[in-house]
Amino acid sequence: MLETFLPTMDPVQAAILASIFLLAGIVKGFLGIGLPAAAMALLTLVLPPTEAIPLLWLPILMTNLLQFTRAQDKAEVSRRYWLFAVAIIVSIFVTSMFIADYPTALLTVAIGVAMVVFSLNLLLGVKLNIGPGKGWQFGFGVLSGVLGGISSIWSPTVAMYLVARNTSKEQFIAATGFLFLAGSVPLGAGQVVAGILTVPVLLKSLLGLGVVLVGFRIGELLRNRVSQTLFRYAVLIAFLVMGLRLIYQGLF
């Protein structure tokens with residue numbers, strides 16, 4: 001009976017997945033960003049997107065929960081960005097519900113686009129002209145949710161909005177934690193409805209979370225020993241190249 005629920009992997013696959021989660025955790029711990037992008041860039045080399053995406057659910061949920069609980073002014077941030085969060089919740093749930101029906105090429109391209117936007121935004125410091133109206137929040141929330149539901153990466157559009165609004169560093173951390181956390185639960189719910197987040201996959205995701213947390217701590221320790229600027233550029237350029245590879249793979 002127990003064997004029905006335990007994740008089954010050959011030792012080679014288990015070692016590869018553990019290495020990927022460890023590296024993704026190191027990136028997150030060192031830079032404070034990039035967990036889904038780092039993981040998806042490498043997971044898609046060894047797994048189809050519909051198998052890779054649900055493996056990230058628990059690491060995404062728990063790391064964002066930790067980030068938001070450590071943030072300041074949580075109540076104020078929740079009041080300020082509630083519409084953004086609602087738009088993400090609805091759109092990410094609806095989009096992820098049908099993820100098993102999307103063509104593999106679409107998923108591959110979507111993941112690649114998310115990674116390219118993520119890396120170029122941070123490399124070039126793209127800043128949009130966004131006003132204070134609620135319509136902007138709703139629009140970016142829907143866009144973030146659709147992108148997140150398809151690729152599990154919705155940080156690029158969230159970060160672009162907050163940077164464009166000249167959000168302070170403290171509020172940026174709190175707002176990203178809130179908006180990433182808001183999307184995590186409906187993302188998992190949609191994947192359950194789609195049939196790709198099953199009990200065995202959830203257990204693999206739990207094991208991945210354990211490895212990610214180890215990598216996260218390693219990344220924190222490395223922060224004072226390695227040039228953050230050099231590491232950041234190296235990671236972002238790698239994301240850009242891998243994102244372009246995924247777009248090419250999906251289109252051709």
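Residues numbered from 1 in each chain as written. Predicted model: local features only at pLDDT ≥ 70, side-chain atom pairs only at ≥ 80, totals over all residues. Heavy atoms only, no water.

A few words now on the packing of helix H5 (residues 57-70) against helix H11 (residues 169-194). Their axes nearest at 8 Å, the elements H5 and H11 cross at an angle of 150°. Accordingly, the angle class assigned to the pair H5 and H11 is roughly antiparallel. Where H5 crosses over H11, the handedness of that crossing is left-handed. From H5, Trp57, Ile60, Leu61, Asn64, Leu65, Gln67 and Phe68 reach across to H11, where they touch Ile173, Ala174, Thr176, Gly177, Phe178, Phe180, Leu181, Ser184, Val185, Leu187, Gly188 and Gln191. For the contact of H5 with H11, the per-class residue count stands at 12 nonpolar, 7 polar and no charged. (Axes fitted to C-alpha atoms, helices over the stretch in contact; angles between N-to-C directions. Helix = DSSP H or I, 4+ residues; strand = E, 2+ residues; numbered from the N terminus. Parallel < 35°, antiparallel > 145°, perpendicular 65-115°, else oblique. Left-handed = near helix turned anticlockwise from the far one by under 90°. Contact = heavy atoms within 4.5 Å. Nonpolar A, V, L, I, M, F, W, Y, C, P; charged D, E, K, R; others polar.)

Within the secondary structure, Ser151 is located in helix H9 (residues 134-151). By relative accessible area, Ser151 is classed as buried at 0%. Within polar-contact distance, the side chain of Ser151 engages the backbone oxygen of Leu147 at 2.7 Å. At 3.1 Å, the side chain of Ser151 and the backbone nitrogen of Ile153 are in polar contact. Ignoring any residue separated from it by four or fewer positions in sequence, one finds Ser151 in contact with Met40, Ile53, Ala110, Ile111 and Ala114. (Buried < 20%, exposed > 50% of the residue type's maximum accessible area, 1.4 Å probe, protein only. Polar contact = N/O pair within 3.5 Å; in protein donor to acceptor, adjacent residues only side chain to side chain.)

A word on the packing of aromatic side chains. Tallied over the full model, the rule gives 7 aromatic pairs. Each ring, one from Phe140 and one from Tyr161, has its centre 5.7 Å from the other, and the planes form 55°; the classification is tilted. Here Phe140 is found in helix H9, whereas its partner Tyr161 is found in helix H10 (residues 155-164), with 21 residues between them in sequence. Of the residues examined, Phe140 reaches a relative accessible area of 11% and is grouped as buried. Assessed through its relative accessible area of 3%, Tyr161 is described here as buried. Following the ring pairs from residue to residue traces out a cluster consisting of Phe84, Trp136, Phe140 and Tyr161. (Phe/Tyr/Trp six-rings, centres within 6.5 Å; stacked < 30°, edge-to-face > 60°.)

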